[in-house]
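Architecture and fold: a report
The primary structure of each chain is shown beneath.
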Amino acid sequence: MTLKTSCHNCGINIEHDDWMIGQEAQCPDCGQTILLAPKKETQSPPPKELPELKTKQVSAAQMHLELIRDNSCYKQLRQVIDVVYIIGFVAAIIGLLIGVLNGRATILNGDGGGWIDVLLSIVSAIGAIIFLVAGRQAALLAVDIADTLLHEHSQSKP
Ligand SMILES: [Zn+2]
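Residues numbered from 1 in each chain as written. Predicted model: local features only at pLDDT ≥ 70, side-chain atom pairs only at ≥ 80, totals over all residues. Heavy atoms only, no water.

Moving on to the overall build of the chain. Secondary structure summary: the chain contains three helices and four strands in total. Starting at the N terminus, the α and β elements of the chain follow one another as β-β-β-β-α-α-α. Taking all 158 residues of the chain together, the buried fraction comes to 18%. Taking all contacts inside the chain whose residues are at least 6 apart in sequence as the whole, residues at least 24 apart take part in 44%. Counting only carbon and sulfur atoms, one obtains 64% of the accessible surface of the chain, whose full area is about 11,500 Å². (Helix = DSSP H or I, 4+ residues; strand = E, 2+ residues; numbered from the N terminus. Buried < 20%, exposed > 50% of the residue type's maximum accessible area, 1.4 Å probe, protein only. Contact = heavy atoms within 4.5 Å. Areas by Shrake-Rupley, 256 points an atom, 1.4 Å probe, with all protein chains shown as cover.)

Six octahedral donors around a metal ideally make angles of 90 or 180 degrees; four tetrahedral donors ideally make 109.5 degrees. Donor atoms from the polypeptide that coordinate the zinc ion comprise C7 (SG), C10 (SG), C27 (SG) and C30 (SG), at 2.3 Å from the metal. Around the zinc ion sit four donor atoms; with metal-centred angles ranging over 107 to 114 degrees, the donor geometry is tetrahedral. Along the chain, the residues that donate to the zinc ion are spaced as C-x2-C-x16-C-x2-C. With a relative accessible area of 12%, C10 lands in the buried category. (Donors = N, O, S within 2.8 Å, 3.2 Å for Na, K, Ca; no water. Tetrahedral: all angles 85-135°; square planar, octahedral: opposite > 155°, others 65-115°.)

By the definition in use, this model includes one aromatic pair. The aromatic ring of Y85 is capped on one face by R136, whose charged end is 5.0 Å from the ring centroid. (Phe/Tyr/Trp six-rings, centres within 6.5 Å; stacked < 30°, edge-to-face > 60°. Lys NZ or Arg CZ within 6 Å of the ring centre and 35° of its normal.)

A few words on a nonpolar patch on the surface. A grouping of I107, W115, I116, L119 and V123 is seen on the molecular surface, where their side chains present a nonpolar patch of about 500 Å² in accessible area. Among the elements that line the nonpolar patch, the one with the most residues is helix α3 (residues 114-156), at four residues. Within the secondary structure layout, V123 lies in helix α3. (Patch = residues over 30% accessible without salt bridge, like charges linked within 9 Å, V, L, I, M, F, W, Y side chains within 5 Å. Salt bridge = Lys/Arg side-chain N within 4 Å of Asp/Glu carboxyl O.)

This part takes up α3. Taking 1.5 Å as the rise per residue, α3 with 43 residues should run 63 Å; its terminal C-alpha atoms sit 63 Å apart, in good agreement. Among the residues making up α3, those that are buried are G114, S121, A125, L132, L140, V143, D144 and D147. (Expected span 1.5 Å × (residues − 1).)

Let us now look at the pairing of strand β2 (residues 13-17). In β2, alternate side chains face the same way, and those of I14 and H16 are buried while those of N13, E15 and D17 on the opposite face are not. The antiparallel hairpin formed by strand β1 (residues 2-6) and β2 contains six residues in its connecting segment, where G11 sits at a positive phi of about 85 degrees. (Pairing = 2+ DSSP bridges.)

This part covers the side chain of S72. Take S72: it is sitting in the loop between α1 (49-70) and α2 (75-108). By relative accessible area, which is 10% here, S72 ends up buried. Reaching out from S72, the side chain makes a polar contact with the backbone nitrogen of Y74 at a distance of 2.7 Å. At a separation of 2.8 Å, a polar atom in the side chain of S72 contacts the side chain of D147. If sequence neighbours within four positions are ignored, S72 has contacts with R78 and D147. (Polar contact = N/O pair within 3.5 Å; in protein donor to acceptor, adjacent residues only side chain to side chain.)

With 34 residues, α2 ought to run about 50 Å at 1.5 Å a step, and its terminal C-alpha atoms sit 50 Å apart, in line with that. Those residues of α2 that fall on the buried side of the exposure criterion are R78, I81, G88, A92, G99, G103 and T106. Two residues or fewer past α2, G110 is found with a positive phi of approximately 95 degrees.

Looking now at the pattern of salt bridges. Note on pairing: side chains with opposite charge can pair once their charged atoms come close. Scanning the entire structure with this criterion turns up five salt bridges. Close ionic contact of D144 with R69 constitutes a salt bridge, the shortest N to O distance being 2.6 Å. Note that D144 is positioned in helix α3 and R69 in helix α1, a separation of 75 residues in sequence. Taking the relative accessible area as the measure of exposure, D144 reaches 12% and is therefore buried. On the basis of relative accessibility, which here comes to 25%, the residue R69 falls in the partly exposed class. Salt bridges sharing common partners tie together E66, R69, R78, D144 and D147.

Structural data, given as structure tokens:
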């Protein structure tokens with residue numbers, strides 16, 4: 001027969017066979033050693049509490065990362081990444097406008113080849129913006145990883 005014991009530390013339900021009652025086991029979620037002794041159904045926490053707990057853990061991890069970011073020695077690097085991103089974005093838009101206007105002028109002059117200029121400008125701008133967004137995300141992620149590693153390293157030292 002399968003029984004459930006809830007972890008006294010994190011509240012997760014652990015399923016085990018009835019012959020394991022009285023034995024100690026490690027919680028698969030938090031690693032806490034718990035005594036396998038199922039509570040009555042009425043005493044076990046309602047399952048709706050579990051997702052709430054998970055979201056709390058996520059927001060705690062998010063807050064932890066925000067804290068690391070706030071005390072980061074890479075703060076300026078993050079600003080440089082954002083400035084480069086904005087400059088690149090503005091340059092892409094200006095390039096798009098110049099290309100489209102130039103193509104339009106060529107078309108108005110009676111040269112049908114002007115549409116190639118317009119098309120080329122649009123494709124180039126889209127490519128540049130995709131590259132900028134992806135590059136910014138990758139750079140910020142790399143700084144986050146560096147920050148987290150540095151933070152863990154400094155905490156492991158006495
Ligand atoms: Zn637990």
